[in-house]
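So you can see what is in the structure, the chains are spelled out below.
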Amino acid sequence: MRGEVRFVPSFFAVKGYQKISRTWKVKCLKRGVFEIRRVDLVCSDLIGLSAFSHTALTHARLTVLPRPLEDDQLISQPQYLNGEVVVRRQLLDDPFFIAGVQEYTGLEPMNRIHWAATAREGKLMVRKNQYTSRKNLSILLNTQPSPGKSGRMDGDSDLEDCIRFCAYLFSAAADADTPFRFLCNGTDGDTEKAVSTAESWGTAFALEQCRTLSRLLADQTKPLDLFLQEDVPPLSSAEWILVSTYVDEQIKDFAREKAKSGVRVSVFVRGLLLPSDFEKDAYSLYALKGRETAKEDAP
């Protein structure tokens, strides 16, 4: 509410040793951090012969979190946010993931003996377990309005849908107890820097990232190419989710590079998509909120 004034009229009579309380109910329609710096109280008598005013400094802040997208507003929901993934080697194997059976070598514990396979093969056979690692997630929000442009985009409905989708992802990751980190080339209003968090998990961490979305200044966006070079280190996430209002070759190259390392990459776009944007072997591409794809010869 910086730079804006609100008048709340009220008519009442006050007797001696009495106090009047008035409650102003508001409906928050826009995310952001709003400041209430002062309150001016202006009073007069019934016939208006005398009047006085009093100013009270408040310095109050109201943080309005983005409202997450609902499940029915998504064309395709992100999957596999929780659980474990199979890896080549780990310190200890996972007893819940069975790769098959093998001959007993004398090193395995007796509780791994597979008696049915032993009877079938005529020799001791044991269960062979796989190695797993807990899945983690990196969420990248691109607030650049279009390829090669970093101008003003504050209040854009497509961008706000992307922000709301990130809030949905934070909640889903917290519910699944999945560790995640958040990266964004928009400016945090408190730190005046692009966003790059450490990895964590839980409801408190998800709520803190929603507050970051509230402080996000989309009209102060770092170019995506510089952000990817300077603020996105080589992270070892098992899955990447990119959220943007467009998809271009730069985003595709980033997704291809991650996919070559065996990382699952999903790109969610609230914007126009072409059939040529879909590359099944490199990444998964989804449209947000039912936005139809364009034809190949579209301008």
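Residues numbered from 1 in each chain as written. Predicted model: local features only at pLDDT ≥ 70, side-chain atom pairs only at ≥ 80, totals over all residues. Heavy atoms only, no water.

Here the focus is the packing of aromatic side chains. Applying the stated criterion across every chain, the model contains seven aromatic pairs. Pairing Phe165 with Phe268 gives two aromatic rings, centres 4.7 Å apart and planes at 40°, and the pair type is tilted. Linking Phe165 in helix α2 (residues 157-175) with Phe268 in strand β11 (residues 264-269), this pair joins segments that are 103 residues apart in sequence. Accessibility classification places Phe165 together with Phe268 in one group, the buried group. Arranged with centres 5.4 Å apart and planes meeting at 15°, the rings of Phe170 and Phe180 form a pair that is stacked. Residue Phe170 is located in helix α2, and its partner Phe180 is located in strand β7 (residues 180-188); the two are separated by ten residues in the primary sequence. The class of Phe170 is buried, set by a relative accessible area of 0%. (Phe/Tyr/Trp six-rings, centres within 6.5 Å; stacked < 30°, edge-to-face > 60°. Helix = DSSP H or I, 4+ residues; strand = E, 2+ residues; numbered from the N terminus. Buried < 20%, exposed > 50% of the residue type's maximum accessible area, 1.4 Å probe, protein only.)

Let's shift gears to the pairing of β7. For β7, the buried fraction is high: nine of the nine residues fall into the buried class. In this structure, strand β6 (residues 137-141) lies alongside β7, joined through five bridges in parallel fashion. Each residue of the ladder has a partner; that of Ser138, found in β7, is Arg181. Here β7 runs beside strand β8 (residues 194-196); their pairing, made up of three bridges, is antiparallel. In the sheet register, Cys184 faces β8, and the bridge partner there is Val195. Here β7 hands over to β8 after five residues, with Glu192 in that stretch at a positive phi of 60°. The sheet contact formed by β7 and strand β9 (residues 216-221) spans three bridges and is antiparallel. Within β9, the residue paired with Asp188 across the bridge is Leu216. (Pairing = 2+ DSSP bridges.)

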